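Coordinate analysis (summary)
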Amino acid sequence: DAASVAGSIQTAYRRLNALEQLGLATVYRGQFQINRAARQPLHFLEKLIPSLLSLKNARRFGRKYHISDINFLKNNLPKGAFITLDYRAWELTGYQYPKDLYIYVDDIEKTSGFLKINGFSEGTKGRAILLQKQPDSKDSIEQVYLDCIAKGGRSVLDAIAIELKYGDQLGVRGR
């Protein structure tokens, strides 16, 4: 299907590869899925790309796979780190109970090493998620809003709640 739009199969795969690197598409066994975040206006998409890249390169950690993992990380936040997505959206809106703890850190390797020393292991089911801080990342309501839209799923509802409650503090608004 993509070849007819792109003009050739090679062009379609080249474009899908570029979208996949930005976190806007998933390609698996010749099939692809476009992230809903890609359906935003171009000026908004430019602001969204750092969030998409951070989420694409996120690393999950767990120790007991329980709330104690999250409490440990919250009590031992690295300097310059800040919380986003579920827990921060919960603080801002009180709308949806948080599920995972997403944290922006300056040095993801150093922080992951710290977690591993403290009994955490890296995998796909951990509830503590480390995100690499991008140059544009800042601890703000707008950052949480952009992250929610970039993540998609239930986080879109958090983004809507943030926009309704803090719309005057947002520099950009998604569709």
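Coordinates for the structure precede this section.
Remember, it's a predicted structure, so these values are computed and weren't measured experimentally. (Residues numbered from 1 in each chain as written. Predicted model: local features only at pLDDT ≥ 70, side-chain atom pairs only at ≥ 80, totals over all residues. Heavy atoms only, no water.)

Pairing between the strands of a sheet is mediated by backbone hydrogen bonds and can be parallel or antiparallel. The five strands are arranged S4-S5-S7-S3-S6 in an open sheet whose pairing can be described as mixed. Each of the sheet's edge strands pairs with one partner strand only, and the pair in question is strand S4 (82-84) and strand S6 (121-123). The mean angle between the axes of side-by-side strands here comes to 35 degrees, regardless of whether they run parallel or antiparallel. Pairing analysis gives five bridges linking strand S5 (residues 101-105) to strand S7 (residues 128-132), with the strands arranged parallel. Each residue of the ladder has a partner; that of Tyr102, found in S7, is Ile129. (Pairing = 2+ DSSP bridges. Helix = DSSP H or I, 4+ residues; strand = E, 2+ residues; numbered from the N terminus. Axes fitted to C-alpha atoms, helices over the stretch in contact; angles between N-to-C directions.)

Summed over all chains, the structure comprises five aromatic pairs. Judged by centre distance (6.0 Å) and plane angle (15 degrees), the rings of Phe72 and Phe114 are stacked. In this pair, Phe72 sits in helix H4 (residues 67-75) while Phe114 sits in helix H6 (residues 108-117), placing the two residues 42 residues apart along the sequence. Phe72 sits in the buried class, given a relative accessible area of 18%. Take Phe114: its relative accessible area is 32%, and that puts it in the partly exposed class. (Phe/Tyr/Trp six-rings, centres within 6.5 Å; stacked < 30°, edge-to-face > 60°. Buried < 20%, exposed > 50% of the residue type's maximum accessible area, 1.4 Å probe, protein only.)

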